[in-house]
Amino acid sequence: MVLRSSWKSRHKNSCGPAPRWIRPGLAALLCLCVTRLACGSEPVGETKNIIQKDAEFDVTYNDTVTSENQTIYAFNHTISRNKTEGVRVSVDVLSNKSESPILFVVRQKQAVLSFQVPLILRGLYQRKYPYYHVGRTLCQPPTRAALETQYFFVDVSTLSSQGTNYQLRVSRVESFTLQTNKKFSFTASPSQPQYFKYVFPDGVDTVIVKVNSDMNFPCSVMSIQDIQCPVYDLDNNVAFIGMYQTMTKKGAITVQRKDFPSNSFYVVVVVKTEDEACGGPLRFYPLRPDELIDAGNRSKVLDVMVSPAINLEAYVMGMLFCLGIFFSFYLLTLLYACLENTRLNKRREAFPNPADMSPAETASLLGKNGDGKTPASPYEYGSFADNGSTMSSEAITDSATSTDNNYGYMGQEPFKRRPILSHLHHIAIRIERSLESVARSRQESLSSVEEDDYDTLDDIHSDKNIVRTKKFLYVSDLARKDKRILSKKYQIYFWNIATIAVFYALPVIQLVITYQTVVNVTGNQDICYYNFLCAHPLGALSAFNNILSNLGYVMLGLLFLLIVLKRDIAHSRAMERRDVNALECGIPKHFGLFYAMGTALMMEGLLSACYHVCPNYTNFQFDTSFMYMIAGLCMLKLYQKRHPDINASAYTAYACLAAVIFFSVLGVVFGRGNTAFWIVFSVIHIVATLLLSTQLYYMGRWRLDAGILRRIVYVIYTDCIRQCSGPMYIDRMVLLVMGNIVNWSLAAYGLIQKPNDFASYLLAIAICNLLLYFAFYIIMKLRSGERIKCLALVCILFTAVVWGFALYFFFQGLSTWQKTPAESREHNRDCILLSFFDDHDIWHFLSSIAMFGSFLVLLTMDDDLDTVQRDKIYVF
């Protein structure tokens, strides 16, 4: 049916008489506005032909449109409540020289869709890209009737006086509704977006929508939108509602039923006009105003699949697995403590403690052995190295079993064994000597003692230069300060890090909550760098599994604090009863740094969990700050073991760590490709390495003042020119030369390569130095004739193996904020453990266990020295 009428006469009659409630002047104004809008501001005297056609699906209509005529295509189709069919309108404009675009308006029962051809889409810097082939899918509002016939109309018009040829085709989309676990392939372009409907099946509350392509580019966007009209399916409006993310080859979004009241949603896929958002090149074009740029072929083949996500049972299993792993360490520690306590009780029964015996019993034992004979010498029958009456205050449990071959067998009567008398006699001599040595102890309370009140060495100040510059140093030379003062000094490490943790963690928690809120409100999935193929939401959290896996740091850090507390209590009791080994033997026991290390491990877990709430490059510092602290505290503890008097104070140590974090922030913000920054940082790195080397080599007995250059020249002249003499402290020199080689190499690497991930580069520097110092310590310990006890050896081997597996999973790289979010998603992979944890979660598990093992190594590696006099323990 073709209708021809006068456009002018229609609008004269369309105004009609105004209602009584409208003023005459207002009625005239409204009539004029409607007339001008309908006529497109054309002269009133011109006429326009309206042609209405009954159209059919899957038929291509070739027509011409001008400003003189308007064509209306009428379609009807039957829809059902249980089945949704998509309807797609495709338009081709065959002439690209028309002065005005063609306007297509699709009028539906509850929606209107309009677009022009050529379709102009804008890119960066307001570049304009025309598209002459446009395809749009019509929004399908839900119906309540079992069957319903709906009508819609396609109006075609233009303001161009020249005739423009076009092709119109309306077709049904048979696979408009996606099926669970069934892959569907399609093609999309910037002017031909695609979207599909998905309905939650019964019993499924969460699904994951995966979109994949074999092509990196063109860049595309996938979006999840509610069932409502209009559907935002163009590059310039796809971010208006719902959840969306850019993608190259991979994209995935987890969708929960609770977020969609209709129990269904649209999966929208849009191809962008430019690739810059996905890390692609941005071609250079001359920027001329209103110039149209040919974008070329930007079609992309993709496939989409919707799969059910994990259920509640998987969440429960994941949490129980995580708790079970780390509670097992508590059980193992408790079991070991019980076994060790049982063993020591048996030893105490076999070797009675003289402190628990009467003087007469002790005298009789000291005077005669089991045969009624007096021993010729207190050293006749064995060594005092394994005294059953004393305890090691730095073992997980009391360690008094360093050498068992000097004693009799179990089952013999304790007073029949000859070594007992030797031990008891030796104990009496040692106790008498130790009481004389501690008689000069100060009587002031600990709270009134300050290190700066007086010189804490017994001799004059020059004695420090004499003692600390000897060629061969022993621990006794560097453990001369008052133990109460040093204990108070090292406790400051714990209190300072606890204070830092509170002030650091609270703003971090507030910030990441804000990040998560922004993600949930805006739906922008590009803000956070998740592994979207294994990101399980819980409540407002988008990736609960990445947060849960950090629980190990907190639980094992707390366990380490409990172990250190037990050792601290045992050592305090040994000091109270004037135990000879605690007073004069072994490495001096200072637990402040151990407490700080345990607290740092717990804070690492908390801040790593905060980082994984919304991981991105701006908050990566949260995940690394306490890693720097852990590395620094471990190096300080290694140094403190044999240098207790000259170790750095807490204020100096934390100030240096604050400087490291400051440079970390500068590197993240300004270091990417900035040559000037890398030059400055490399110079500072090398200078700091030289200053620290000098400090360690001379044990702090040097001054940085105006005469430093003169002294350097003098040393070079006397030691290298006038006479060629080797270094006085060879062992220290070997360590420092190796350290300088490593640090200079790392500085050169940074200056040449300029890695984008500056925070990880800085962490690599700290870890390399820690590993180098630890290896040096172990080698020198064995070289000095010391041994590593069984517990420490087991910890070393276990920790090395776990670190190896942990680093393997760390370098899997499931995401990276060094690239764009779309490029980062190319590294995403499915869960590998219990369908709940991914590779990075396993890294969290293993690294927390490895750090805990490393701490135990530091705690137990010198237990073999607990019965060795400090003047026989080498300093290196």
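Parameters and conventions
- Residues numbered from 1 in each chain as written.
- Predicted model: local features only at pLDDT ≥ 70, side-chain atom pairs only at ≥ 80, totals over all residues.
- Heavy atoms only, no water.
- Phe/Tyr/Trp six-rings, centres within 6.5 Å; stacked < 30°, edge-to-face > 60°.
- Helix = DSSP H or I, 4+ residues; strand = E, 2+ residues; numbered from the N terminus.
- Buried < 20%, exposed > 50% of the residue type's maximum accessible area, 1.4 Å probe, protein only.
- Pairing = 2+ DSSP bridges.
- Axes fitted to C-alpha atoms, helices over the stretch in contact; angles between N-to-C directions.
- Salt bridge = Lys/Arg side-chain N within 4 Å of Asp/Glu carboxyl O.
- Polar contact = N/O pair within 3.5 Å; in protein donor to acceptor, adjacent residues only side chain to side chain.
- pLDDT = per-residue confidence, 0-100.
- Contact = heavy atoms within 4.5 Å.
- Core = buried A, V, L, I, M, F, W, Y, C linked by side-chain atoms within 4.5 Å.
- Disulfide = S-S within 2.5 Å.
- Left-handed = near helix turned anticlockwise from the far one by under 90°.
- Nonpolar A, V, L, I, M, F, W, Y, C, P; charged D, E, K, R; others polar.
- Expected span 1.5 Å × (residues − 1).
- Parallel < 35°, antiparallel > 145°, perpendicular 65-115°, else oblique.

K.L.:
I would appreciate a short explanation of the packing of aromatic side chains in the present structure.
P.N.:
For any pair of aromatic rings, geometry is given as the distance between the ring centres together with the angle between the planes. The final tally for this structure, using the stated rule, is 53 aromatic pairs. Each ring, one from F57 and one from F152, has its centre 6.1 Å from the other, and the planes form 70°; the classification is edge-to-face. A residue pair is termed long-range when its members are at least 10 positions apart, and F57 in the loop between β1 (49-54) and β2 (60-65) and F152 in strand β10 (residues 147-158) qualify at 95 residues. In terms of burial, F57 and F152 fall into one category: buried. Of the aromatic side chains, those joined through ring pairs into one cluster are F662, F663, F677, W678, F681, Y749, F758 and Y761.

K.L.:
Mind showing me how you'd approach the sheet that holds strand β16 (residues 243-247) here?
P.N.:
In a beta sheet, neighbouring strands are held together by backbone hydrogen bonds and run either parallel or antiparallel to one another. On the basis of which strands lie adjacent, the open sheet formed by four strands has the order β13-β18-β15-β16 and antiparallel pairing. Across the chains shown, the open sheet's two edge strands, defined by having one partner strand only, are β13 (194-199) and β16. Sheet twist, expressed as the average angle between the axes of neighbouring strands with direction ignored, equals 20°. As judged from the seven bridges shared by strand β15 (residues 220-226) and strand β18 (residues 264-271), these two strands associate in the antiparallel manner. Looking across to β18, one finds that V221 is bridged to V270.

K.L.:
Where do I start with the pattern of salt bridges in this structure?
P.N.:
Two side chains carrying opposite charge are able to pair once their charged atoms lie near each other. Here the structure, examined in full by the defined rule, presents 21 salt bridges. Salt-bridge contacts for K589 lead to D866; the nearest nitrogen and oxygen are separated by 3.4 Å. In this pair, K589 sits in the loop between α10 (580-584) and α11 (592-613) while D866 sits in the segment after α20 (839-860), placing the two residues 277 residues apart along the sequence. What makes K589 buried here is its relative accessible area of 10%. Given the relative accessible area of 5%, D866 is considered buried. K781 is paired through a salt bridge with D862; the nearest N and O atoms lie 2.7 Å apart. Of this pair, K781 sits in helix α17 (residues 758-783) while D862 sits in the segment after α20, and the two are 81 residues apart along the sequence. For D862, a relative accessible area of 1% gives the class buried.

K.L.:
Help me understand the pairing of β15 in this model?
P.N.:
In terms of burial, β15 is a largely internal element, six of the seven residues being buried. Here five bridges tie β15 to β16, and the two strands are oriented antiparallel to one another. Paired with S223 across the strands is Y244, a residue of β16.

K.L.:
Explain the environment of T158 here, please?
P.N.:
Positionally, T158 belongs in strand β10. In this structure the side chain of T158 is engaged in a polar contact, spanning 2.9 Å, whose partner is the backbone oxygen of P101. Here S160 takes part through its backbone nitrogen, which lies 3.2 Å from a polar atom of the side chain of T158.

K.L.:
Any chance you could explain the confidence of the model for the protein chain here in plain terms?
P.N.:
Low-pLDDT stretches of the model should not have their predicted coordinates read in fine detail. Confidence in the prediction for the protein chain averages 79 pLDDT; 78% of positions are at 70 or higher. The low-confidence segment residues 1-45, where pLDDT is below 50, has 31 contacts with residues more than four positions distant or belonging to other chains.

K.L.:
Whenever I open this one, the nonpolar core confuses me. Can you help?
P.N.:
Side chains that are nonpolar tend, in soluble globular proteins, to be buried together. Counting residues in each nonpolar core, the largest one holds 110 residues, and the members touching the most others are Y493, F560, F626 and L633. Aside from chain neighbours lying at most four places away, what touches L633 is Y493, I497, L593, A596, M597, A600 and Y654. By size, the runner-up hydrophobic cluster in this structure holds 31 residues, among which are A55, V91, Y131 and Y166.

K.L.:
Would you mind going over the state of the cysteines with me for this structure?
P.N.:
Disulfide: a covalent bond connecting the sulfur atoms of a pair of cysteines. Following the criterion strictly, the structure yields four disulfides and no others. Between the sulfur atoms of C139 and its disulfide mate C229 the distance is 1.8 Å. Taking the sign of the S-S torsion, about -85° here, the bridge from C139 to C229 comes out left-handed. In this pair, C139 is assigned in the loop between β9 (133-137) and β10 and C229 in the loop between β15 and β16, connecting sequence segments 90 residues apart.

K.L.:
Is there a simple way to think about the packing of helix α12 (residues 620-642) against helix α13 (residues 650-670) in this case?
P.N.:
Axes are the key here: two packed helices are described by the angle between their axes and the distance separating the axes. It is the contact of α12 with α13, at a shortest axis distance of 10 Å, that shows an interaxial angle of 145°. Note that α12 runs across α13; the crossing there is right-handed. Contacts from Q621, S625, Y628, M629, G632, L633 and L636 of α12 reach α13 at A653, Y654, L657, V660, I661, S664 and V665. Of the residues assigned to the contact of α12 with α13, the class counts are 10 nonpolar, four polar and no charged.

K.L.:
Where do I start with unusual backbone geometry in this structure?
P.N.:
Note: most peptide bonds trans; most residues except glycine with negative phi. With an omega of 5°, the peptide bond running from V117 to P118 counts as cis. Relative to the elements of secondary structure, P118 occurs in the loop between β6 (112-117) and β7 (119-122). With an omega of 10°, the peptide bond between F217 and P218 qualifies as cis. Positive phi, normally seen in glycine, also occurs at L834, with a value near 60°. Tracing the sequence through the fold places L834 in the loop between α19 (821-825) and α20. Phi is positive for S835, close to 55°, though the residue is something other than glycine. Looking at where S835 falls in the secondary structure, it is placed in the loop between α19 and α20.

K.L.:
Hey, could you run me through the environment of L113 in this one?
P.N.:
Following the sequence through the fold, L113 ends up in strand β6. Under the relative-accessibility criterion, L113 is labelled buried at 17%. The sequence separation of L113 and R136 amounts to 23 residues, and the corresponding C-alpha distance is 9.0 Å. Once you skip the residues sitting within four places of it in the chain, L113 turns out to touch F104, V105, V106, R136 and L138.

K.L.:
Explain α13 to me, please; I cannot follow it from the model alone.
P.N.:
Structural remark: α-helix, 3.6 residues per turn; residues separated by three or four positions point the same way. For α13, built from 21 residues, the straight-helix expectation of 30 Å at 1.5 Å per residue is met to within 8% by its first-to-last C-alpha distance of 30 Å. In this structure, the buried residues of α13 make contact with α7 (483-522), α11, α12, α14 (675-697) and α17.

K.L.:
Any chance you could explain helix α3 (residues 312-350) here in plain terms?
P.N.:
In this model α3 runs 57 Å from its N-terminal to its C-terminal C-alpha over 39 residues, within 8% of the 57 Å that 1.5 Å per residue would give. Those residues of α3 lying buried are A314, Y315, G318, C322, F326, F329, T333, E340, L344, R347 and A350. Buried residues along α3 sit in contact with α8 (544-548), α9 (551-576) and α20.

K.L.:
How should I be thinking about the sheet that holds strand β11 (residues 164-173) in this particular structure?
P.N.:
Strand order across the open sheet formed by four strands is β2-β11-β4-β9, with antiparallel pairing between neighbours. In this open sheet, the two edge strands, each paired with only one partner strand, are β2 and β9. For this sheet, the mean angle separating the axes of adjacent strands, direction not counted, is 20°. Of the strand pairs in this sheet, strand β4 (residues 86-93) and β9 are connected by five bridges, and their pairing is antiparallel. Its bridge partner lying in β9, V91 is registered against V134.

K.L.:
How should the packing of α11 against α12 be read in this particular structure?
P.N.:
One way to put it is that α11 packs onto α12 with a least axis distance of 8 Å and a crossing angle of 165°. The angle between α11 and α12 falls in the class roughly antiparallel. Handedness of the α11/α12 crossing: left-handed. Taking contact as the criterion, the partners of L593, F594, A596, M597, A600, L601, M603, E604, L607, S608, Y611 and H612 in α11 are, on α12, F620, F622, D623, F626, M627, I630, L633, C634, L636, K637 and Q640. A breakdown of the residues in the contact of α11 with α12 according to their chemical character gives 17 nonpolar, three polar and three charged.

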